[in-house]
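Structure assessment
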Amino acid sequence: MHLQYDDALLRKIFTDTRTIALVGASAKPHRDSHRVMIYLQTRGYRVIPVNPRLEGSTLLGEHVYARLGDIPVPVDMVDIFRRSDRVPEVCNDAIAIKARYIWMQMGVVNGEAARHVTDYGMTVVMDRCPMIEMPRLGLDY
């Protein structure tokens, strides 16, 4: 399974992206999803949290939605903090909202789901974290 990504592709994703839906967002400050959300917000991205258990609340200044389909604005990237076996459902929802990029966090890999979304013209990154990749690429602005 392909888990190597060209730096130019990663830079393009970060440059093209303005709005990120963070699936599996947590209100707990010690959780990776919480820290990554803060990191991305401080770099100018709008990060919309998605978590059915937190639906209707506010997290880091953003309204929390239960599902991707509930978000009322266009989403460029879907950042997934879910178990690998839950990724196909998230990817189907990402196709429905016409997201451009799927980003699976560290340890999250699902080749079948990745192949499925690429059939819809989406770009997929698996087993990577923006909070690691951006500084590595010199994009830690």
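Basis of the calculations
Residues numbered from 1 in each chain as written. Predicted model: local features only at pLDDT ≥ 70, side-chain atom pairs only at ≥ 80, totals over all residues. Heavy atoms only, no water. Core = buried A, V, L, I, M, F, W, Y, C linked by side-chain atoms within 4.5 Å. Buried < 20%, exposed > 50% of the residue type's maximum accessible area, 1.4 Å probe, protein only. Helix = DSSP H or I, 4+ residues; strand = E, 2+ residues; numbered from the N terminus. Contact = heavy atoms within 4.5 Å. Pairing = 2+ DSSP bridges. Axes fitted to C-alpha atoms, helices over the stretch in contact; angles between N-to-C directions. Salt bridge = Lys/Arg side-chain N within 4 Å of Asp/Glu carboxyl O.

Regarding the nonpolar core
One broad rule of soluble globular proteins: the nonpolar side chains tend to lie buried together. Counting residues in hydrophobic clusters, the biggest one holds 49 residues, and the most contacted among them are F14, L40, L68, I71, V78, I102 and M104. A per-element tally of this core places helix α3 (residues 87–96) first, with five residues. Not counting chain neighbours up to four residues away, the residues in contact with F14 comprise Y45, W103, P130, E133, M134, L137 and L139.

Regarding the environment of I95
Looking at the element boundaries, I95 is found in helix α3. Along the backbone, I95 and L68 are 27 residues apart, and their C-alpha atoms lie at a distance of 9.9 Å. Setting aside its immediate chain neighbours within four residues, I95 contacts H116, V117, Y120 and M122.

Thoughts on the sheet that holds strand β2 (residues 46–50)
Taken in spatial order, the five strands line up as β2-β1-β5-β6-β7 in an open sheet, and their pairing is parallel. The sheet terminates laterally at β2 and β7 (123–125), the two strands that pair on one side only. Going from strand to strand, the sheet's axes swing by 20° on average, the running direction of each strand aside. As paired strands, strand β5 (residues 77–80) and strand β6 (residues 101–104) are joined by four bridges and run parallel to one another.

Focus on the pattern of salt bridges
Applying the stated criterion across every chain, the model contains ten salt bridges. Residue R67 is joined to D70 by a salt bridge in which the shortest nitrogen-to-oxygen separation is 2.9 Å. The class for D70 is partly exposed, based on a relative accessible area of 26%. The partner of D85 in a salt bridge is R83, and the shortest N-O contact between them spans 3.0 Å. One salt-bridge network, held together by shared partners, links D7, R128, E133 and R136.

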